[in-house]
Amino acid sequence: MNVFLANFDFLWEQFQEFTWKKGVMIIIGLILIFLAIKKKMEPSLLLPMGFGAILVNIPLSGAITQTIGDNTIIGPIEWLFETVIDGSEIFPVLLFIGIGAMIDFGPLLSNPKLIFFGAAAQVGIFLTIILSSFLLPLVNPSATINDFASIGMIGAADGPTSILVSQVLKSNYIGPIAVAAYSYMALVPIVQPLAIKLVTTKKERMIRMPYNPKGVSKTAKIIFPIAVTVIAGFIAPASISLVGFLMFGNLLRECGVLDDLSDTASKTLVNLITLLLGITVAFKMQAEDFVTWDTLIIMCLGLFAFIFDSIGGVLFAKLINLFTKDKINPMVGAAGISAFPMSARVIQKLGLEADPENHLLMHAVSANVAGQIASVLAGGILLGILL
Amino acid sequence: MLFLMSSAQTQSLNILWQGMLVLFIGMGIIYLAILLLSLVKDRKEK
C-alpha cells in the first residue's frame, strides 16, 4: 500500500507549497472576478486580473517560470510580463493609441478655459507622494522616492499611466498599484460624489452653466494632437511615450482618411491589449509580494489620491469663481480627473440631482478630456524629475 | 519641522510644487495653442 502511495508523493509536495497567503490571493482573484461579472466594475481589466491572480498563485503554477531540478520551464504570464511590460513598457503605450482614438477633444477646443481643471485635479497625485513618503517607510524602510511617486500616480485615475510610470521607475509595487488604480476607477461613481459633497454646498452644486459651444474647424482638430505632442515634448520629454501615442490615436480619429485604422485602434487594439494587460499585470500579484501591509497602505493611499484629486478640482473652481463674473459649477472641477467618461457622467448626475434642469455634461466632458492630457503629462513630469 | 524630515520626504515636497508648476505651465501653453487654433478655419468656411 505504502509503495502504491509513494507514487503520489508529487501531489503531496504540491500541496505543501500551498500557503495561507496564496489562499488569500486566490480569494482576492475570485473577488475581482465577482466584481467584474456581478457588479460590472471595469470587467475588461478586473476579470483578467482576477483570473491571472488565481493562475499565478496555484502552487508550482506553470503560468510562471519554474525551475525544477535542472529544468527551467518558462511560464507564459512571466514571459509576457518580462517582454511587454518589464522589457519595453509597450502594452500601456499601445493602449494609449486606442484611448486617443476614442476621445473627442471637440468640447475642450470649444471651451478651452476648462483645460486648467485638468491640471488642478492632479494635485492628489502629488499630495499622495508626500503622504506615501511618511506612511510607507513605517512598514518598508527601504521604500524609495520612486515607490512613493509610483503610488502617487494611482491618483492619475489612469491605469496605463500608473502601470507605465511604476514600471519605468522600477517600483516593486506595480501589482498593488494596478489593482488600486483600476479598482478605484471602477469606484469613481461612489468615491467622487462623497468627495464632492464634502466640499460643496447644495447651492454651489446648483450653479448653472450655459453651454454655447464655438464651432471647431476640422483643421484645428487635426493640428491639436500634433501641437500637444510637440508642447508636451518640450515641457516633459519623458511624457512623449504617453502623450505622443495618445495624440497619435487621436490624429487617426480626426484626420478623416484612416477611419478603418481609427476604428481598429479604438476597438480591436484596445480590447486585445486590455485583455493581455490584465492577465500580464497579474504576474505581480504573487502572494509573497502582494499579501503585505504595504499593499494595504497602498490601497488606502490610492483612495486618498482619488479623493484629493476631486477635492483639488473643486477647490480650484471655487478659487476661479472668486475672480470671475460667470460662475463655474465647482463640481466641474472634479471632472478634471482622468477617469473618462465616468467622471463626466457623475458630475452630470450630481448636477441633475441638485437641480433637475442643471445640465453640466458638456462642461464636465471638457474638463474630463483635459484631465486625460494632464494625467499623462503629470506622469511624464514625474519621470522627468526623478530619472 | 523640515529638518526632521528624511531626504525622500523633502524631495516629495519639492516634487509637489515643481510638478504642479510645470503641469500648469504645460496646460497653459496648450491653452494658448487652442486659442490660436480657434483662428484656424477650414477652407470652405472662409
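Residues numbered from 1 in each chain as written. Chains lettered and ligands numbered in written order. Predicted model: local features only at pLDDT ≥ 70, side-chain atom pairs only at ≥ 80, totals over all residues. Heavy atoms only, no water.

### Remarks on the overall build of chain A
Moving on, step 1. Each helix and strand counted, chain A has 22 helices and two strands in total.
Moving on, step 2. Over its C-alpha trace chain A gives a radius of gyration of 22 Å, about what one expects of a compact globule, namely 21 Å for 387 residues.
Moving on, step 3. Along the first, second and third principal axes, the C-alpha set of chain A runs to 90 × 45 × 40 Å.
Moving on, step 4. For chain A, the proportion of its 387 residues judged to be buried stands at 57%.
Moving on, step 5. Restricting the contact set of chain A to residue pairs at least 6 apart, pairs at least 24 apart contribute 77%.
Moving on, step 6. Of the roughly 16300 Å² of accessible surface on chain A, 68% is carried by carbon and sulfur atoms. (Helix = DSSP H or I, 4+ residues; strand = E, 2+ residues; numbered from the N terminus. Rg over C-alpha atoms; globule rule 2.2 N^0.38 Å. Buried < 20%, exposed > 50% of the residue type's maximum accessible area, 1.4 Å probe, protein only. Contact = heavy atoms within 4.5 Å. Areas by Shrake-Rupley, 256 points an atom, 1.4 Å probe, with all protein chains shown as cover.)

### A closer look at the overall build of chain B
Moving on, step 1. From N to C terminus, chain B includes one helix and zero strands.
Moving on, step 2. A burial count over chain B gives 35% of its 46 residues as buried.
Moving on, step 3. Looking at chain B as shown, the accessible area adds up to about 3100 Å², and 70% of this sits on carbon and sulfur atoms.

### Structural notes on the side chain of S110 of chain A
Residue and element names in this part refer to chain A.
Moving on, step 1. Relative to the assigned elements, S110 resides in helix α7 (residues 106-110).
Moving on, step 2. With a relative accessible area of 8%, S110 lands in the buried category.
Moving on, step 3. Looking at S110, its side chain comes within polar contact range of the main-chain oxygen of P107, at 3.1 Å.
Moving on, step 4. Beyond its immediate stretch of four places on either side in the chain, S110 contacts Y211, P213, K214 and V216. (Polar contact = N/O pair within 3.5 Å; in protein donor to acceptor, adjacent residues only side chain to side chain.)

### Remarks on the environment of D9 of chain A
Moving on, step 1. Residue placement: D9 of chain A occurs in helix α2 (residues 9-16).
Moving on, step 2. The spatial distance from the C-alpha of D9 of chain A to the C-alpha of L377 of chain A is 55 Å, given a sequence separation of 368 residues.

### Comments concerning the packing of aromatic side chains
Moving on, step 1. If you walk through the whole model with that rule in mind, you get seven aromatic pairs over all chains.
Moving on, step 2. By way of ring pairs, the aromatic residues F117 and F316 of chain A together with F24 of chain B are connected into one cluster. (Phe/Tyr/Trp six-rings, centres within 6.5 Å; stacked < 30°, edge-to-face > 60°.)

### Observations concerning the packing of helix α3 (residues 20-37) of chain A against helix α4 (residues 43-57) of chain A
Helix-helix packing is characterised by the crossing angle of the two axes and by the distance between the axes.
Residue and element names in this part refer to chain A.
Moving on, step 1. Interhelical geometry of α3 versus α4 gives an angle of 160° and a closest axis separation of 8 Å. Regarding the angle of α3 to α4, the classification is roughly antiparallel. Note on packing geometry: the crossing formed by α3 with α4 is left-handed. On α4, the residues that touch K22, M25, I26, G29, L30, L32, I33, L35, A36 and I37 of α3 are P43, L46, L47, M49, G50, F51, A53, I54 and N57.
Moving on, step 2. Each residue belonging to the contact of α3 with α4 can be placed in one class, and the counts come to 15 nonpolar, three polar and one charged. (Axes fitted to C-alpha atoms, helices over the stretch in contact; angles between N-to-C directions. Parallel < 35°, antiparallel > 145°, perpendicular 65-115°, else oblique. Left-handed = near helix turned anticlockwise from the far one by under 90°. Nonpolar A, V, L, I, M, F, W, Y, C, P; charged D, E, K, R; others polar.)

### What about the environment of F8 of chain A?
Moving on, step 1. With respect to the element layout, F8 of chain A can be found in the loop between α1 (2-6) and α2.
Moving on, step 2. For the pair F8 of chain A and L246 of chain A, spaced 238 residues apart in the sequence, the C-alpha separation amounts to 54 Å.

### Some remarks on the interface of chain A and chain B
Moving on, step 1. At the interface, 37 residues of chain A touch 29 residues of chain B.
Moving on, step 2. In total, chain A and chain B occlude about 3000 Å² of area from one another, counting both sides; carbon and sulfur atoms represent 85% of this.
Moving on, step 3. Contact with chain B buries surface across chain A, with F116, F126 and I231 of chain A losing the most and accounting together for 17% of the total.
Moving on, step 4. Linking chain A to chain B there are zero salt bridges. (Buried area = accessible area lost by both parts, 1.4 Å probe. Salt bridge = Lys/Arg side-chain N within 4 Å of Asp/Glu carboxyl O.)

### Some details on the confidence of the model for chain B
Moving on, step 1. Put simply, chain B has an average pLDDT of 83, and 85% of its residues get 70 or more.
Moving on, step 2. Predicted complex metrics record ipTM = 0.86 and pTM = 0.84. (pLDDT = per-residue confidence, 0-100.)

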